[in-house]
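# Survey of secondary and tertiary structure
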Amino acid sequence: MEILRSVCPRCGKPSAGLCNECRAAETEWFTCDPRVETIYCPVCDSRKQGKTWSDTTVDRAALLQELAYSALHFHPDVRRPEAQFTFRETSPNRTAVTAEVRGLLYGVEVSGECSTKIVWIKEQCDRCNRISGGYYEGIIQVRATDRRPSTREIDRAARITEELETSLQEAGERLAFVSKVEATRDGLDIVVGSNHMGQLLASQISGALGGRLSTHPKLVGEKDGKKLYRITFLVRLPRYQRGDVVLSRGRYLEVRSATQGQAQVFDLQDGSNRIVREDEIERLVGNVGDAESALVAYLYDDVLGILDPRTQGAVECRALPWLHPEEGGTVLVIRDGETGQFVLVG
Ligand SMILES: [Zn+2]
Ligand SMILES: [Zn+2]
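Residues numbered from 1 in each chain as written. Chains lettered and ligands numbered in written order. Predicted model: local features only at pLDDT ≥ 70, side-chain atom pairs only at ≥ 80, totals over all residues. Heavy atoms only, no water.

### Focus: the overall build of the protein
For the protein, the count of helices and strands is 5 helices and 23 strands. For 346 residues, the compact-globule estimate of 2.2 N^0.38 gives 20 Å, and the protein exceeds it by more than 25% at 36 Å. By principal-axis analysis of the C-alpha atoms, the protein measures approximately 120 × 60 × 40 Å. Put simply, of all contacts in the protein between residues at least 6 apart along the chain, 54% involve residues at least 24 apart. Accessible surface for the protein amounts to roughly 19900 Å². Of this, 48% is attributable to carbon and sulfur atoms. In the protein, which carries 45 positive and 50 negative side-chain charges, the distance between the mean positions of the two groups comes to 7 Å. (Helix = DSSP H or I, 4+ residues; strand = E, 2+ residues; numbered from the N terminus. Rg over C-alpha atoms; globule rule 2.2 N^0.38 Å. Contact = heavy atoms within 4.5 Å. Areas by Shrake-Rupley, 256 points an atom, 1.4 Å probe, with all protein chains shown as cover. Lys, Arg positive; Asp, Glu negative; His and termini not counted. Charge placed at Lys NZ, Arg CZ, Asp CG, Glu CD.)

Structure below.
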């Protein structure tokens, strides 16, 4: 019988050199940092990694896992490393972590335990710092020609602002913040943190509301050899807005879109579309957004009997070729305050 000469020098088991068990047993297969520091902004919860701030995209549970895992370091020969953590908040800025770790080393299952702690450090982030310091780069002023922007226009502009801020920040433009949205006597002022955002916002608002955009930069100083500008973006809305019902040459027209000096209109008498100049418009009657709903009492040839929504009294209107009401149905009307007449708008 041949004598087996290769044995493990540690445990004497047959093996060519050190056996896997002994090799695994004497390898430091993982280490655990005693503490992990993380810097976060107490106001907006952004996190600083290196010198860079970014918005936190994971919830606290996932963040705890991520931070705890970053304290562990495995030997490169470890296969399938796994860790399970238990967390305990020991103070407002300390989280104690116990880690149970497992893995496969030279084919041998290994396991162990260690503890670490997460240290939470508060620091004001770049964005909150700018906001609290009153820093801004641009102001968007929404104004209208010879009138104050309507509530509808102001609401629309405010909504566009909110949506743009969200989408830019989601795209990682941290400094695209809105520091103030203020309704003034003349319209709306929006103060923004970056000129890029100012430019985008101003063109989106003027595009949506049919305004004309002009920019007025002002040099306010220099920073790191770069000239610093604050830009006022003036969005000038036209005299008439979408949905306005106007009177022109004795006809009621609904404004479908307007630019400076002219409006694209829908003729509420014959249902045609055309363009009119502002100076052809006599006066503003109302806006379809304020239209009232009136019951159609009867139809007779080209006469339409409706009930005044306020008094329920019967009123006769001329039927319109583009409007096809039904008896018992409703139509939308606007009152012409000057003549007392009802204008059918839909
Ligand atoms: Zn051995
Ligand atoms: Zn912050």
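### Regarding the pattern of salt bridges
Side chains that differ in charge, positive against negative, can pair when their charged atoms come close. Per the stated rule, a full pass over the model turns up 27 salt bridges. Between Arg-35 and Glu-37 there is a salt bridge; the shortest N-O distance is 2.7 Å. Taking the relative accessible area as the measure of exposure, Arg-35 reaches 37% and is therefore partly exposed. The partner of Glu-66 in a salt bridge is Arg-47, with the nearest N and O atoms 3.4 Å apart. With Glu-66 in helix H2 (residues 60-70) and Arg-47 in strand S3 (residues 47-49), this residue pair connects regions lying 19 residues apart in the sequence. The class of Glu-66 is partly exposed, set by a relative accessible area of 39%. By relative accessible area, which is 10% here, Arg-47 ends up buried. (Salt bridge = Lys/Arg side-chain N within 4 Å of Asp/Glu carboxyl O. Buried < 20%, exposed > 50% of the residue type's maximum accessible area, 1.4 Å probe, protein only.)

### Section: the packing of helix H4 (residues 151-170) against helix H5 (residues 195-209)
Think of two packed helices as two axes; the pair is described by the angle between the axes and how far apart they sit. At their nearest, the axes of H4 and H5 sit 10 Å apart, and the two run at 140 degrees to each other. With respect to H5, the axis of H4 lies oblique. Seen along the crossing, H4 lies across H5 with a hand that is right-handed. Contact residues: Glu-153, Arg-156, Ala-157, Ile-160, Thr-161, Leu-164, Glu-165 and Leu-168 in H4; Met-197, Leu-200, Leu-201, Gln-204, Ile-205, Ala-208 and Leu-209 in H5. Residues belonging to the contact of H4 with H5 are distributed by class as follows: 10 nonpolar, 2 polar and 3 charged. (Axes fitted to C-alpha atoms, helices over the stretch in contact; angles between N-to-C directions. Parallel < 35°, antiparallel > 145°, perpendicular 65-115°, else oblique. Left-handed = near helix turned anticlockwise from the far one by under 90°. Nonpolar A, V, L, I, M, F, W, Y, C, P; charged D, E, K, R; others polar.)

### Notes on the domain arrangement of the protein
We note that the domain assignment places domain 1 (20-122), domain 2 (134-237) and domain 3 (244-344) within the protein. Once you take the C-alpha centre of each, domain 1 and domain 2 turn out to be 44 Å apart. (Domains from an automatic or database assignment.)

### As for the coordination of the zinc ion (ligand 1)
Bound to the zinc ion (ligand 1) on the protein side are Cys-8 (SG), Cys-11 (SG), Cys-19 (SG) and Cys-22 (SG), at distances that span 2.3 Å. Taken together, the 4 donor atoms surrounding the zinc ion (ligand 1) define angles of 101 to 116 degrees at the centre, an arrangement classified as tetrahedral. Ordering the donors of the zinc ion (ligand 1) by residue number gives the pattern C-x2-C-x7-C-x2-C. (Donors = N, O, S within 2.8 Å, 3.2 Å for Na, K, Ca; no water. Tetrahedral: all angles 85-135°; square planar, octahedral: opposite > 155°, others 65-115°.)

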